[in-house]
Each structure stands twice: as C-alpha cells, then as structure tokens.
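Single-letter residue listing:
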Amino acid sequence: MSAAIIDGKAIAAQVNQETAAAVAAWKAKGITPVLVVVLVGDDPASQIYVRNKTRTCRELGMESRQIVLPAQTTQSELLALIGELNADPEVHGILVQFPLPAHLDEQAVIHAISPKKDVDCFHPENVGNLLIGETEGFSPCTPRGVMELLARSGFDPAGKFAVVIGRSNIVGKPITAMLMQKAKGANATVCCVHSGTPDLAQYTRQADLIVCAIGKPEFLRGDMVKPGAVVIDVGINRVDDPAAPKGYRVVGDVDYDEVSQVASLITPVPGGVGPMTIAMLMRNTVTAVQLAADGK
Ligand code: GUN
C-alpha cells in the first residue's frame, strides 16, 4: 500500500485565506493587526523561519515588525524590550524566536510576554487554558496545525489510539493534551512516548495515529507502524548530503520512503506540518486583536 499525502501547503493556503478575510474585516474597522517578531543572534535556521513568518504576515495584510538583536544582548535588555512591547497598544502579538543564545533564559522570556499577546501560546496561563479545554484564546501553533491537518483531511481521532512521540513543551505535551480533549476533532485515547520509553515500538505498532515529534532524523521506521495508520511528521532536520546543492537535505522525524509504504495517510517534509505552523501563528495574531478589542 502507498499512503495518500496530506498536502500541508494547500491546507495552509486555505487557512490563510480565511485569516486574510478576518484581517480585512479588522482593517475595515480601522485596526491593522501587528505582529512583532524578535530574533536574537544570527542562527541561520531561525533567520529563515522569521523571514517566512514576516512574509506571510504581510501577504495576509497584517503588519509585521522584525526586531533583530545582537547575540550578546543581555537578559535585562531583552526583558525590557518585552516590557515595552507588552505596553504598546499598537502591538497585538509578540513572538521571540527560539532557541535563544545559551546565556539567555527562555523560561523567563515565556513568563514575561503578556498572555494576551502570547501568539506562541507558551505562557503558563495559556498552556493551562489549553489543558482544561478552554477554546477561546490562543492555541499552540504547531499542535493546532496538526489538529487542523487531521480535521481538514477527514480523519477523526475520536475513539482512535493515538501515539505521540516526543514530550517537548512546544509539540509533544500540547498535542497530547489536545488529542485527549472531550471535544469535536479530538477524543482520542492518547499515549505519549519519549526518549525514556523502553521498547517504544510496542506502542507505535498499535497506533491508529502517530504524531512524531522527537527531533531525530528519520526516527520512525516502517516496521514501527501498523498498516493503514495515519502518520504526522513534525520533524524538520538538516542532514549532511554532499550531493545536494546546499550540502544538506531537510528530512523529517519519519523515514518517509519506508513509512509511506505502510501508512494510509502521511505528511511530507517539507510541505506538511511546517506551513501549518505559520498559518496558525497568523490566526493567533488575529485572535490577539480580538482579545485586545474585548479588553480581555
Ligand atoms: N523555534 C522553533 N519553533 C518555534 C516556535 O513555534 N515558536 C518560537 N517562538 N520559536 C520556535
């Protein structure tokens, strides 16, 4: 069997169209959504991510402000900037691109960003809301992107056995919480496996749905997947490839060639989850405008 491909680019384009319409409605009321993206240092992958976020923002009619700070920026300088952005009524959303240089404290940054402007949905208040099933407000971008891909591909997780591989705060933990919610488009039985799980494949082999977010290139092999399972690949890894024009290739956390022979539905890398992450960030920026307008 060869799996059908979930086209993340096409689905993200649909979501972005909806967001552009919402942006136009705000602009008709005299409000332009503003997202500020802060990049500290010159990590090449982060530079590409930030550029893509900025470009998409502008394509959808929003204003994107990029603030690039030198790698030597101190913690207090960064926190002072966040304080100013929190207080600026023109700014709706704030995103500080991670990873930060090693001397900076990411947790302190997450706590410092106003929960009302936290378009990443990393602040503990927003993470708590997610866990207890609040549907208003922000949703974490990559996990919400995965949920949208499933919904818009016609896969209903209800009653299915879902295995999430990875327990990061950005993907593994929130997607586990989202899939288990008693809600439309969720209601799965969920198991989260990770680097501390012995014989991890005994779980993945039973799964109807696998969300792979472990950060290891081509980790999920064909013999770890039940025939007909749905497989979502969250990984973006650069691997050396002297034959490639740039000297590297981008691969996911799933061995695509093997797993696409076993699964029924699969996301490619690139062109799967990646475009959805940005689409959900754009949607969260519009949500930030709504929160500001509601005075919430
Ligand atoms: N670095 C990698 N993914 C993300 C993300 O979703 N948000 C931020 N702020 N940084 C990231």
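This text gives an overview of the structure that appears in the document. Each chain has its residues counted from 1, following the order in which its sequence is written. In keeping with the predicted nature of the model, local features appear solely for residues at pLDDT of at least 70, side-chain atom pairs appear and are counted solely at 80 or more, and the whole-chain, interface and lining totals rest on all residues. Excluded from the side-chain calculations are hydrogens and water; all other atoms, namely the structure's heavy atoms, are used.

Before going further, it helps to examine the overall build of the protein. Only DSSP runs of H or I covering at least 4 residues are called helices, and only runs of E covering at least 2 are called strands; the numbering of each starts at the N terminus. Scanning the protein from N- to C-terminus turns up 10 helices and 11 strands. Scaling as 2.2 N^0.38, a compact globule of 296 residues should have a C-alpha radius of gyration of about 19 Å, and the protein matches this with 19 Å. Each principal axis of the C-alpha distribution contributes one length, and for the protein these read about 55 × 45 × 35 Å. Burial here depends on accessible area, computed with a 1.4 Å probe over protein chains only, as a share of the maximum for the residue type. Under 20% is buried, over 50% is exposed, and the range in between is partly exposed. Evaluated residue by residue, the protein yields a buried proportion of 50% over its 296 residues. Residue contacts are counted whenever heavy atoms from the two residues lie within 4.5 Å of one another. In the protein, the proportion of contacts linking residues at least 24 apart, taken out of those at least 6 apart, comes to 70%. Surface exposure here means Shrake-Rupley accessible area, sampled with a 1.4 Å probe, where a residue is shielded only by the protein chains that are shown. Of the accessible surface of the protein, which amounts to about 13600 Å², a share of 54% is contributed by carbon and sulfur atoms. His residues and chain termini do not enter the charge count, which takes Lys and Arg as positive and Asp and Glu as negative. The atom standing in for a charge is NZ when the residue is Lys, CZ when it is Arg, CG when it is Asp and CD when it is Glu. Within the protein, the 31 negative side-chain charges are centred at a point lying 4 Å from the centre of the 26 positive side-chain charges. Here the globule rule is a power law, 2.2 Å times the number of residues to the power 0.38, and the radius of gyration is based on C-alpha atoms.

Over its 16 residues, helix α2 (residues 44-59) runs 23 Å from end to end, which matches the ideal 22 Å to within 8%, given 1.5 Å per residue. Inspection of α2 places Ser 46, Val 50, Lys 53, Thr 54, Thr 56 and Cys 57 among the buried residues, and these make up the whole buried set. Buried residues of α2, viewed axially, fall in a sector of 165 degrees; they line one side. Facing away from the buried surface of α2 by more than 90 degrees, the exposed residues are Arg 51, Arg 58 and Glu 59. Contact partners of the buried residues in α2: α1 (8-28), β2 (34-40), β3 (63-69), β4 (93-96) and α10 (273-294). By this rule, a helix spans an expected 1.5 Å times one less than how many residues it contains. Each direction from the helix axis to a C-beta atom contributes to the arc, which is the arc of those directions.

The parallel open sheet is built from 6 strands, whose spatial order is β1-β11-β8-β7-β5-β6. Edge positions in the sheet fall to β1 (4-5) and β6 (189-193), since each of these pairs with one other strand and no more. Any two strands between which DSSP finds at least two bridges are classified as paired. Sheet analysis places strand β8 (residues 230-233) next to strand β11 (residues 265-266), joined by 2 bridges and oriented parallel. Note that in β11 the partner of Val 231 across the bridge is Ile 266.

The subject of this paragraph is a nonpolar patch on the surface. Within the patch definition used here, like charges are joined within 9 Å and nonpolar side chains (Val, Leu, Ile, Met, Phe, Trp, Tyr) within 5 Å, considering only residues with over 30% relative accessible area and no salt bridge. Salt bridge, as used here, is a side-chain nitrogen of Lys or Arg placed within 4 Å of a carboxyl oxygen of Asp or Glu. Judged by side-chain polarity, Tyr 49, Ile 236 and Val 250 come together as a nonpolar surface patch covering roughly 240 Å² of accessible area. Tracing the backbone through its elements, the reader meets Val 250 in strand β10 (residues 248-251). Under the relative-accessibility criterion, Val 250 is labelled partly exposed at 32%.

Okay, the packing of α1 against α10 next. In the contact formed by α1 and α10, the axes pass within 8 Å of each other and the chain directions differ by 20 degrees. Taken as axis vectors, α1 and α10 run roughly parallel relative to one another. By crossing handedness, the relation of α1 to α10 is classed as left-handed. Contacts between α1 and α10 involve Gly 8, Lys 9, Ile 11, Ala 12, Val 15, Asn 16, Glu 18, Thr 19, Ala 22, Val 23 and Trp 26 from the first element and Pro 275, Met 276, Ala 279, Met 280, Met 282, Arg 283, Val 286, Val 289, Gln 290 and Ala 293 from the second. Across the contact of α1 with α10, the residue classes tally to 14 nonpolar, 4 polar and 3 charged. Angular values range over 0 to 180 degrees, each being the angle between N-to-C directions of two axes fitted as lines to C-alpha atoms, with helices fitted over their stretch in contact. Working definition: roughly parallel below 35 degrees, roughly antiparallel above 145 degrees, roughly perpendicular at 65 to 115 degrees, and oblique for all remaining angles. A crossing counts as left-handed when the near helix is turned anticlockwise from the far one by less than a right angle, and as right-handed when that turn is clockwise. In this count, Pro and Cys sit with the nonpolar residues alongside Ala, Val, Leu, Ile, Met, Phe, Trp and Tyr, while Asp, Glu, Lys and Arg are called charged and the others, Gly among them, polar.

The cutoff for a nearby residue is simple: one of its non-hydrogen atoms must lie within 4 Å of the molecule or strand. Every residue close to the ligand is listed here: Leu 95, Val 96, Gln 97, Phe 98, Asp 120 and Phe 122. A 3.5 Å cut-off defines polar contacts: any pair of N or O atoms within that distance qualifies, except that in protein one atom must be a possible hydrogen donor and the other a possible acceptor, and neighbouring residues in sequence count only when both atoms are side-chain atoms. In this structure, Gln 97 approaches the ligand through a side-chain N or O atom, which is 3.3 Å from a nitrogen atom. For the ligand, a nitrogen atom lies 2.8 Å from a polar atom in the backbone of Phe 98. Its free accessible area being 280 Å², the ligand has 80% of it covered by the protein chains.

Below, the discussion takes up the nonpolar core. In plain words, nonpolar cores are sets of buried Ala, Val, Leu, Ile, Met, Phe, Trp, Tyr and Cys residues tied together by side-chain atoms within 4.5 Å. One finds Leu 179, Leu 209, Val 211 and Ile 232 to be the most contacted residues of the largest nonpolar core, which totals 50 residues. At 11 residues, α10 tops the list of elements feeding residues into this core. Among all residues touching Ile 232, those that are not within four sequence positions of it are Ile 6, Val 146, Leu 150, Leu 209, Ile 210, Val 211, Cys 212, Thr 267 and Val 273. Listed in part, the 21 residues of the second largest apolar core include Ala 201, Leu 220, Ala 229 and Val 254.

Our next topic: the packing of aromatic side chains. Pairing of aromatic side chains here covers Phe, Tyr and the six-membered ring of Trp, requires ring centres within 6.5 Å, and sorts the geometry by plane angle: under 30 degrees stacked, over 60 edge-to-face, intermediate tilted. For the structure shown, the criterion picks out 1 aromatic pair. Seen from their ring centres, Phe 98 and Phe 122 are 6.0 Å apart, and the 10 degrees between their planes marks the pair as stacked. Of this pair, Phe 98 sits in the loop between β4 and α4 (106-112) while Phe 122 sits in the loop between α4 and α5 (124-131), and the two are 24 residues apart along the sequence. When its relative accessible area of 18% is taken as the criterion, Phe 122 is described as buried. Geometry around Trp 26 places Lys 29 over its ring, the cationic atom sitting 4.7 Å from the centre. Only lysine NZ and arginine CZ atoms are considered, and such an atom sits over a ring when it is within 6 Å of the ring centre and within 35 degrees of the ring normal.

Note that all results are geometric; they support no functional claim without further evidence.
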